[in-house]
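Structural characterization, general
These are the residues of each chain, in order.
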Amino acid sequence: MPLRHFLLALAVVAIWGSNFVVIKYALDVLPPMLLAVLRFAIAFVPACFFLPRPAVSWRNLAAYGLFVAVGQFGLLYLAMRSEISPGLASLVIQTQVFFTLGLAVWLAKERVLAAQWLGLLLAVAGIAVIVAHTDGTTTPLGLAMVLAAAFSWACGNIVGKRAGQVNMLAYVVWSSAFAVPPLLALTLLVDGPGRIAAALAAADAGTWGAVLWQSFANTLFGYGCWAWLLTRHPAARIVPMALLVPIFGMGASSLLLAEPLPGWKMIAATLVMAGLAVNLFGPRLLPSRH
């Protein structure tokens, strides 16, 4: 891989990881569902005028938008408001890998390899460490909400897989159109017009910068560059870079938000990351079993 391509992949995972700090910053002013509305509305417009709708059904686009935008990010934003720290959220959300595996086994009758069982056990052990150490910055409710967000992301992965070979950036952009109406309805129901108006009035340049970062850097630039790299290199060279997302997430949260990194967090992170790595690399190294 040319150095510039490696640096581009590194930039994408750094953006995706540090984005959890940006989310937390925006949530200091904006209600969670309102932040989600703004993120996906801005991601859809004006990009929809430059990217043609991918050749998939409206139903598929709607399902992906509901699972990923509403289910994944709606729950993630709610949890990050006060129930879980950004660093741990960036780690726990990666359990979507194992939820995706479970759904593939259930729906597509894919087989589970011995290495994948081992990876799952390591990740579950890491989550158990987090459960045993929930405190004021991370609660059982917050952990459960992020796990639910990871499951919703996994459902979106299955829907996206059924879409076939499409321009992933255009797919994400057009699916965002189906996320805005339910998210808007939720924020109107939960927060009400008065609180929404007050939050928008209180939003300063930094808050709007965080919103734009969600839409352009994290969504359009991130997905666009990732898809571009996958068309030029084998997936086995690009996909492992995603293992760095929690590293950047926990590092940025510690550096910028002073999130503590006690020993138990490092143990939990090691177990979950080891589980993800075994799930990714193990099938090529360990013998397969049903």
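Owing to the predicted nature of the structure, the values given are computational and were not obtained by experimental measurement.

With that settled, the discussion passes to the overall build of the protein chain. Across its full length, the protein chain carries 14 helices and zero strands. The helix and strand sequence of the protein chain, counted from the amino end, reads α-α-α-α-α-α-α-α-α-α-α-α-α-α. Over its C-alpha atoms the protein chain spans a radius of gyration of 19 Å, differing by no more than 12% from the 19 Å that the globule rule assigns to 290 residues. Principal-axis analysis of the C-alpha atoms places the extent of the protein chain at approximately 60 × 45 × 40 Å. Buried positions account for 51% of the 290 residues belonging to the protein chain. Of the contacts formed within the protein chain by residues at least 6 apart in sequence, a portion of 89% connects residues at least 24 apart. Put simply, the protein chain shows about 13100 Å² of open surface, and 72% of that area lies on carbon and sulfur atoms. Separation between the mean location of the 16 positive side-chain charges and that of the 7 negative ones in the protein chain comes to 19 Å.

Moving on: empty space enclosed by the protein. Taken as a whole and assessed by the stated rule, the structure comprises one cavity of 30 Å³ or more. If you add up the space inside the largest cavity, you get close to 70 Å³. Forming the walls of the largest cavity are R39, F40, Y64, G65, V68, A69, F73, V172, S175, S176, T219 and Y223. Residue assignment for the lining of the largest cavity shows that the elements contributing at least two residues are α2 (32-44), α3 (58-82), α8 (168-176) and α11 (205-230).

On to the layout of surface pockets. Each pocket or cavity is described by its volume, and for the largest pocket that value is around 1800 Å³. Q96, W153, N157, W226 and V239 are, among the 41 residues lining the largest pocket, the residues nearest its centre. Elements with a contribution of two residues or more to the lining of the largest pocket: α1 (3-27), α3, α5 (96-108), α7 (140-162), α11 and α14 (263-285). Class assignment for the residues of the lining of the largest pocket results in 25 nonpolar, 14 polar and two charged.

The biggest cluster of nonpolar side chains holds 71 residues, and the ones touching the most others in it are I130 and V173. It is α3 that provides the largest number of residues to this core, a total of 10 residues. V173 has contacts with A43, F44, A47, C48, L51 and L220, leaving out every residue within four places of it along the chain. If you look at the next biggest cluster of nonpolar residues, it comprises 12 residues, including V12, I15, A217 and I238.

Before going further, it helps to examine the confidence of the model for the protein chain. Note that predicted coordinates carrying low pLDDT should not be read in detail. Taken as a whole, the protein chain shows an average pLDDT of 90; of its residues, 97% reach a score of 70 or greater. Looking across the protein chain, the model is least confident in helix α12 (residues 235-238), with a mean pLDDT of 71, and most confident in helix α10 (residues 192-202), with 97.

With that settled, the discussion passes to the environment of V56. Tracing the backbone shows V56 in the loop between α2 and α3. Placed 110 residues apart in sequence, V56 and V166 show a C-alpha to C-alpha distance of 8.3 Å. If we skip the residues at most four places from it in the chain, V56 touches L61, A163, V166 and Y171.

Let us now look at the packing of α3 against α8. With their axes 8 Å apart at the nearest point, α3 and α8 run at an angle of 80 degrees to one another. The orientation of α3 with respect to α8, classified from their angle, is roughly perpendicular. Contacts between α3 and α8 pair W58, N60, L61, Y64 and G65 from the former with M168, Y171, V172, W174 and S175 from the latter.

Tallying each qualifying case throughout the model produces nine aromatic pairs. Relative to W226, the ring of W16 has its centre 5.2 Å away and its plane inclined at 50 degrees; by these criteria the two rings are tilted. Here W16 is found in helix α1, whereas its partner W226 is found in helix α11, with 210 residues between them in sequence. Just as W16 is buried, W226 falls in that class too. Between F44 and W174, the ring centres sit 5.5 Å apart and the planes meet at 85 degrees, which makes this aromatic pair edge-to-face.

Looking now at the side chain of N218. Tracing the sequence through the fold places N218 in helix α11. The class for N218 is buried, based on a relative accessible area of 5%. Contact partners of N218, with chain neighbours within four places excluded, come to I15, W16, N19, R39, W213 and Y223.

So, how was this worked out
- Residues numbered from 1 in each chain as written.
- Predicted model: local features only at pLDDT ≥ 70, side-chain atom pairs only at ≥ 80, totals over all residues.
- Heavy atoms only, no water.
- Helix = DSSP H or I, 4+ residues; strand = E, 2+ residues; numbered from the N terminus.
- Rg over C-alpha atoms; globule rule 2.2 N^0.38 Å.
- Buried < 20%, exposed > 50% of the residue type's maximum accessible area, 1.4 Å probe, protein only.
- Contact = heavy atoms within 4.5 Å.
- Areas by Shrake-Rupley, 256 points an atom, 1.4 Å probe, with all protein chains shown as cover.
- Lys, Arg positive; Asp, Glu negative; His and termini not counted.
- Charge placed at Lys NZ, Arg CZ, Asp CG, Glu CD.
- 1 Å grid on protein atoms, 1.4 Å probe; cavity = no way out; pocket = protein on both sides within 12 Å on 5 of 7 lines; lining within 4 Å.
- Points joined across faces, edges and corners; volume = space filled by probe spheres on them.
- Nonpolar A, V, L, I, M, F, W, Y, C, P; charged D, E, K, R; others polar.
- Core = buried A, V, L, I, M, F, W, Y, C linked by side-chain atoms within 4.5 Å.
- pLDDT = per-residue confidence, 0-100.
- Axes fitted to C-alpha atoms, helices over the stretch in contact; angles between N-to-C directions.
- Parallel < 35°, antiparallel > 145°, perpendicular 65-115°, else oblique.
- Phe/Tyr/Trp six-rings, centres within 6.5 Å; stacked < 30°, edge-to-face > 60°.

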